[in-house]
Amino acid sequence: MPSDTTVSKFMSLVLRHEPQQAGLQLDENGWTDFEILCAVLEKRFGASRKDVLRIVAENPKKRFTLEGSRIRAAQGHSIEVDLKLTPAQPPETLYHGTKTSLLGIILTEGLTRQSRQHVHLSPDIETAAIVGNRRKGETTILKIAAQRMAFEGMVFYLSENGVWLVDHVPPQYLSYENETVTS
Ligand code: HQG
């Protein structure tokens, strides 16, 4: 069987972006049948149900939510799903790791969703650095005045795996220190 990471990446792909790649259907809330997913993973990777349960349980970011007989990705979708998350009160500051080369546009139009359903924000600098460093080039960690945004009416959600989600971060809530992290 390929590595857990390979299987997990395929699970993220089909549960967030392209369910048709596995012949799966997601319901409007992003759920799909766990046994059907297992059958797909068995056929494609030789992964047993037990393997899939381990991959779900040990996923470092807890990317998958298994509830009864159904499973979904906790966040990160590009396809339209309503995760039915409840609005949550964010901490004073949240963080976003991005490429320094994008700062010009981000400081002009703010953080926008790109291909995903929400802008993703991290609760701490370390997590934001990991997110930023997934891509080549210098990383800058942006600080987001999240509590001020919430006071001014913007709605935040906390995903099942601890990622803060918001529709847009206008530039006036962004700041950064010149300290950068290079990958
Ligand atoms: C940037 C991982 C141009 C943004 C992580 C980012 C996260 C803009 C990229 C999750 C922009 C979008 C998401 C603007 C933002 N103009 N670029 N106005 N506003 N950007 O992958 O936050 O491992 O969609 O800074 O942990 O990097 O998949 O978002 O660089 O939670 O579970 O556009 O992916 O989770 O990239 O990462 P993404 P992200 P998983």
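Residues numbered from 1 in each chain as written. Predicted model: local features only at pLDDT ≥ 70, side-chain atom pairs only at ≥ 80, totals over all residues. Heavy atoms only, no water.

1. Describing the overall build of the protein
A tally of regular secondary structure across the protein gives six helices and nine strands. Its C-alpha radius of gyration of 18 Å places the protein within 12% of the 16 Å reference for a compact globule of 183 residues. Its C-alpha atoms give the protein principal-axis dimensions of about 50 × 35 × 25 Å. When the 183 residues of the protein are sorted by exposure, 43% land in the buried category. By sequence separation, contacts in the protein at least 24 residues apart represent 74% of the contacts at least 6 residues apart. Accessible surface for the protein amounts to roughly 10000 Å². Of this, 50% is attributable to carbon and sulfur atoms. Positive and negative side-chain charges in the protein, numbering 21 and 22 respectively, have mean positions lying 5 Å apart. (Helix = DSSP H or I, 4+ residues; strand = E, 2+ residues; numbered from the N terminus. Rg over C-alpha atoms; globule rule 2.2 N^0.38 Å. Buried < 20%, exposed > 50% of the residue type's maximum accessible area, 1.4 Å probe, protein only. Contact = heavy atoms within 4.5 Å. Areas by Shrake-Rupley, 256 points an atom, 1.4 Å probe, with all protein chains shown as cover. Lys, Arg positive; Asp, Glu negative; His and termini not counted. Charge placed at Lys NZ, Arg CZ, Asp CG, Glu CD.)

2. A few points about the pattern of salt bridges
Pairing is possible between side chains that carry opposite charge, provided their charged atoms lie close to one another. Inspection of the entire model under this criterion finds seven salt bridges. Here Arg54 ties to Asp4 by a salt bridge, and the two come within 2.8 Å at their closest N and O atoms. Separated by 50 residues along the polypeptide, Arg54 in helix α3 (residues 49-58) and Asp4 in helix α1 (residues 4-17) bring together distant segments of the chain. The exposure class assigned to Arg54 is partly exposed, which follows from its relative accessible area of 29%. Of the charged contacts, one joins Asp51 and Arg54 as a salt bridge, the two residues approaching to 3.1 Å between their closest N and O atoms. Taken together, the positions of Asp51 and Arg54, both in helix α3 and three residues apart, correspond to about one turn of that helix. (Salt bridge = Lys/Arg side-chain N within 4 Å of Asp/Glu carboxyl O.)

3. Some remarks on the domain arrangement of the protein
According to the domain assignment, the protein contains domain 1 (4-73) and domain 2 (94-182). Computed over C-alpha atoms, the centres of domain 1 and domain 2 are 27 Å apart. (Domains from an automatic or database assignment.)

4. Structural notes on the site of the ligand
Lining the immediate environment of the ligand, one finds 19 residues, of which Arg16, Lys61, His96, Thr98 and Glu109 sit closest. Measuring from an oxygen atom of the ligand, one finds a side-chain N or O atom of Arg116 at 2.8 Å. Note that an oxygen atom of the ligand is positioned 2.9 Å from one of the side-chain N or O atoms of Arg135. Here the ligand has 780 Å² of accessible area as a free molecule, and 88% of this is covered by the chains. For the shell around the ligand, the secondary-structure elements that each account for two or more residues are β4 (93-99) and α4 (103-109). With three residues, α4 is the largest single contributor of residues to the shell around the ligand. Partitioned by chemical class, the residues of the shell around the ligand number five nonpolar, seven polar and seven charged. Domain assignment of the residues forming the shell around the ligand places at least three in each of domain 1 (4-73) and domain 2 (94-182). (Near = heavy atom within 4 Å. Polar contact = N/O pair within 3.5 Å; in protein donor to acceptor, adjacent residues only side chain to side chain. Nonpolar A, V, L, I, M, F, W, Y, C, P; charged D, E, K, R; others polar.)

5. Let's talk about the sheet that holds strand β3 (residues 70-73)
With antiparallel pairing, three strands are arranged side by side in an open sheet as β1-β3-β2. Each edge of the sheet is formed by a strand with only one pairing partner; in this case those strands are β1 (32-33) and β2 (64-67). In this sheet, β3 lies alongside β1 in antiparallel orientation, the contact comprising two bridges. Looking at the pairing, Asp33 lines up with Arg70 of β3. Together, β1, β2 and β3 form the strand contacts of α1, whose direction differs from that of β3 by roughly 90 degrees. (Pairing = 2+ DSSP bridges. Axes fitted to C-alpha atoms, helices over the stretch in contact; angles between N-to-C directions.)

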